[in-house]
Amino acid sequence: MSERKVRVRFAPSPTGALHIGGVRTALFNYLFAKQNGGKLVFRIEDTDSHRFVNGAEEYIIESFKWLGIQFDEGVSFGGDKGPYRQSERRDIYKKYVDELLSNGKAYIAFDTPEELEAKRAEIENFQYDAHTRGKMRNSLTLSEAEVKALIDDGKQYVVRFKVDPGEEVHVKDMIRGDVCIKTDILDDKVLYKSADELPTYHLANIVDDHLMDISHVIRGEEWLPSAPLHVLLYRAFGWEGTMPSFAHLPLLLKPEGKGKLSKRDGDRLGFPVFPLEWVDPKTHEVSSGYRESGYFPEAVVNFLALLGWNPGTEQEIFSLDELVKAFDISKCSKSGAKFDYKKGIWFNHEYILKKTDKEIAQLFAPIVANNGVNASMEQITQVVHMMKDRVNFVKDLWSLCSFFFIPPITYDEKTVRKRWKEYSSKQMSELAEVLKGIDDFTISGQEAIVMKWVEDKGYKLGDVMNAFRLTLVGEGKGPGMFDISAFLGKEETLDRIYKAIKILG
């Protein structure tokens, strides 16, 4: 028998923005598929029609496009095992619902929400299972004629899976090993609702995974409690031979405190939890995204890959191809991974350093232009070369570098008090004369002459350079002084010195 081909899937629900935890799940599926020469399938779980949100599906696809995580088949990607949208597979699911009913593996229940609520009030920790199903309104307690009459009368019903008590279900998990659950704690899950003629997640996923020949199910830890039911469903259909291997990834935890990472954590601490900016179509509330916040997609992917997985080496910076080679799902952590958003910022800084000055300059150029500055790419690239190691995001360059393009109109009061002495005006006037006489206005051309002048005059170098910086920049920041003056050129440097002397006195 030939070895089964690796086929994994990512199946989000179009109920809003894609959480960063979902992105990590998709990434781990992608890495596993690519490493094993397999395929990644993109499905849409839209069986819960009440929670459907317009634009969510397009948002999810756009997110992965930006991140560079490519799917091999599925919704909008094509493939021969579709349709890949669950709402388009109603007839397929109905056939399997009927099969379970006819084999006595499932039953029809007519209990109304009010009746179920009354039972919860009557029985503490009530769950619909082998102990309580005999007291409810279902096809196990009603006659065939009564069931038929209720259905013919248009009464809404659900189909529940019949879980037999007293069994042990073993889930073989690639991360957690053998997970054993007793069926006594499982309830008779709803598999199908007549109200919208759609299955629930539990049935739809099993049928889709089987028909689409999914070999491995890699998903979040929150789905671990449903794994035993999925194993039982595979058995009920006689599909044990095609049952996928499971891997339940550790939860992403809050950066501080306990519990699962939420949007509120991001809002409170000022970091995104969505890949792209999301505008809620109902409330019009805007949630920040990694793309719009200025992160590189490669940095986000690198950051997420190391949340709950460890390569076992000191290496932290990985390209997507390097991640594919290094990834080992058995090295994923069993316990939750703290979402260290500051580490995400560090990764972005590292990717700024990795990129060439020209690449960063091309991203910075529109920001320069939007600030009304007409600068050449050569000038912008020069500035990037001097300053890119000081920022975490390209958008932060402007506030740090604007003085290269626009002369200061005000001078930082705190810096003036500290750096502009009673003799600074005299020293700057003398410096201007020295600079005026320099023909070679390169960094080295200026430095030798100015340093000799400072020494000959017996001035303190710090006094001269701090005042010089204030005249050109307007505050105490920036690279080396001769880097700045060489970039500005002689005429602009002198103009700024004279202006500062006039204003500061």
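Residues numbered from 1 in each chain as written. Predicted model: local features only at pLDDT ≥ 70, side-chain atom pairs only at ≥ 80, totals over all residues. Heavy atoms only, no water.

1. Examining the sheet that holds strand β1 (residues 7-10)
Point 1. Spatial ordering of the open sheet is given by β1-β2-β3, a layout of 3 strands whose pairing is parallel. The open sheet has two edge strands with one neighbour each: β1 and β3 (73-74).
Point 2. Both strand β2 (residues 39-42) and β3 contribute to a ladder of 2 bridges, which runs parallel. When the bridges of β3 are listed, V41 appears paired with E73.
Point 3. Each of β1 and β2 touches helix α1 (residues 20-35); the most contacted strand, β1, lies at about 165 degrees to it. (Pairing = 2+ DSSP bridges. Helix = DSSP H or I, 4+ residues; strand = E, 2+ residues; numbered from the N terminus. Contact = heavy atoms within 4.5 Å. Axes fitted to C-alpha atoms, helices over the stretch in contact; angles between N-to-C directions.)

2. Some thoughts on the sheet that holds strand β4 (residues 106-109)
Point 1. Across the sheet, 4 strands lie side by side as β4-β5-β8-β9; this open sheet has antiparallel pairing. The open sheet has two edge strands with one neighbour each: β4 and β9 (198-199).
Point 2. With 4 bridges connecting them, β4 and strand β5 (residues 158-161) associate as antiparallel partners. Across the sheet, residue I108 finds its bridge partner in β5, namely V159.

3. Considering the side chain of R89
Point 1. For R89, the position within the fold is in the loop between β3 and α3 (90-102).
Point 2. A residue is classified by how much of its surface remains accessible, and R89, at 2% relative accessible area, is buried.
Point 3. A distance of 2.8 Å separates polar atoms of two side chains, one belonging to R89 and the other to D208.
Point 4. Excluding residues that lie within four positions of it along the chain, R89 makes contacts with K81, G82, P83, D208, L211 and M212. (Buried < 20%, exposed > 50% of the residue type's maximum accessible area, 1.4 Å probe, protein only. Polar contact = N/O pair within 3.5 Å; in protein donor to acceptor, adjacent residues only side chain to side chain.)

4. Things to note about unusual backbone geometry
Point 1. In this model, G82 is joined to P83 through a cis peptide bond whose omega is 0 degrees.
Point 2. Even without being glycine, N125 reaches a positive phi, approximately 55 degrees.
Point 3. Assignment of secondary structure puts N125 in the loop between α4 (113-122) and α5 (144-152).
Point 4. The phi angle at D213 is positive, at roughly 55 degrees, despite the residue not being glycine.
Point 5. Along the chain, D213 falls in the loop between α6 (201-211) and β10 (216-220).

5. Let's talk about the domain arrangement of the chain
Point 1. In terms of domain boundaries, the chain breaks down into domain 1 (87-205), domain 2 (263-352), domain 3 (355-404) and domain 4 (413-504).
Point 2. Averaged C-alpha coordinates put domain 2 and domain 3 at centres separated by 25 Å.
Point 3. Counting residues at the interface gives 11 residues for domain 2, matched by 10 residues for domain 3.
Point 4. In total, about 900 Å² of surface goes out of reach between domain 2 and domain 3, with carbon and sulfur atoms giving 59% of it.
Point 5. Considering only the side of domain 2, the residues that lose the most area to domain 3 are F296, H349 and I352, jointly responsible for 57% of the buried surface there. (Domains from an automatic or database assignment. Buried area = accessible area lost by both parts, 1.4 Å probe.)

6. Considerations on the pattern of salt bridges
Side chains that carry opposite charge are capable of pairing whenever their charged atoms lie near each other.
Point 1. Throughout the structure, instances matching the rule amount to 36 salt bridges.
Point 2. Close ionic contact of D208 with R43 constitutes a salt bridge, the shortest N to O distance being 3.7 Å. One end of the pair, D208, is in helix α6; the other, R43, is in the loop between β2 and α2 (56-67), and 165 residues separate them in sequence. Just as D208 is buried, R43 falls in that class too.
Point 3. The shortest N-O distance in the salt bridge between E168 and K182 comes to 3.9 Å. In this pair, E168 sits in strand β6 (residues 168-173) while K182 sits in strand β7 (residues 177-182), placing the two residues 14 residues apart along the sequence. (Salt bridge = Lys/Arg side-chain N within 4 Å of Asp/Glu carboxyl O.)

7. Thoughts on the nonpolar core
Point 1. With 148 residues, the main nonpolar core has F339, F404, F405, V450 and F468 as its most contacted residues.
Point 2. The element best represented in this core is α1, accounting for 9 residues.
Point 3. Judged by nonpolar contacts, the second largest core, of 8 residues, contains A109, F126, Y128 and V190. (Core = buried A, V, L, I, M, F, W, Y, C linked by side-chain atoms within 4.5 Å.)

8. Side note on the packing of aromatic side chains
Point 1. For the structure shown, the criterion picks out 29 aromatic pairs.
Point 2. Seen from their ring centres, Y234 and W239 are 6.0 Å apart, and the 75 degrees between their planes marks the pair as edge-to-face. W239 carries the same exposure label as Y234, and that label is buried.
Point 3. Here the aromatic cluster, defined as three or more aromatic residues joined through ring pairs, consists of F271, F303, F339, Y341, W346 and F347.
Point 4. The ring of Y128 carries the charged tip of R160 above its face, separated from the ring centre by 3.8 Å.
Point 5. Positioned above the aromatic ring of W346, the side-chain terminus of K343 is 4.2 Å from the ring centre. (Phe/Tyr/Trp six-rings, centres within 6.5 Å; stacked < 30°, edge-to-face > 60°. Lys NZ or Arg CZ within 6 Å of the ring centre and 35° of its normal.)

9. Here we look at helix α19 (residues 481-488)
Point 1. Burial of α19 is extensive: 6 of the 8 residues sit out of reach of the surface.
Point 2. When we look at burial in α19, the residues that qualify are M481, F482, I484, S485, F487 and L488.
Point 3. Looking at the buried residues of α19, the elements they touch are α13 (377-387), α17 (443-457), α18 (461-473) and α20 (490-504).

10. Remarks on the packing of α6 against helix α7 (residues 227-237)
Point 1. Look at α6 against α7: their axes get within 10 Å of each other, and the N-to-C directions meet at 60 degrees. In terms of axis orientation, α6 runs oblique to α7. Remark: the crossing between α6 and α7 carries right-handed chirality. Residues Y201, H202, L203, I206, D209 and H210 of α6 form the contact with α7, whose participating residues are L229, H230, L233, Y234 and F237.
Point 2. Of the residues contributing to the contact of α6 with α7, the split by class is 7 nonpolar, 3 polar and 1 charged. (Parallel < 35°, antiparallel > 145°, perpendicular 65-115°, else oblique. Left-handed = near helix turned anticlockwise from the far one by under 90°. Nonpolar A, V, L, I, M, F, W, Y, C, P; charged D, E, K, R; others polar.)

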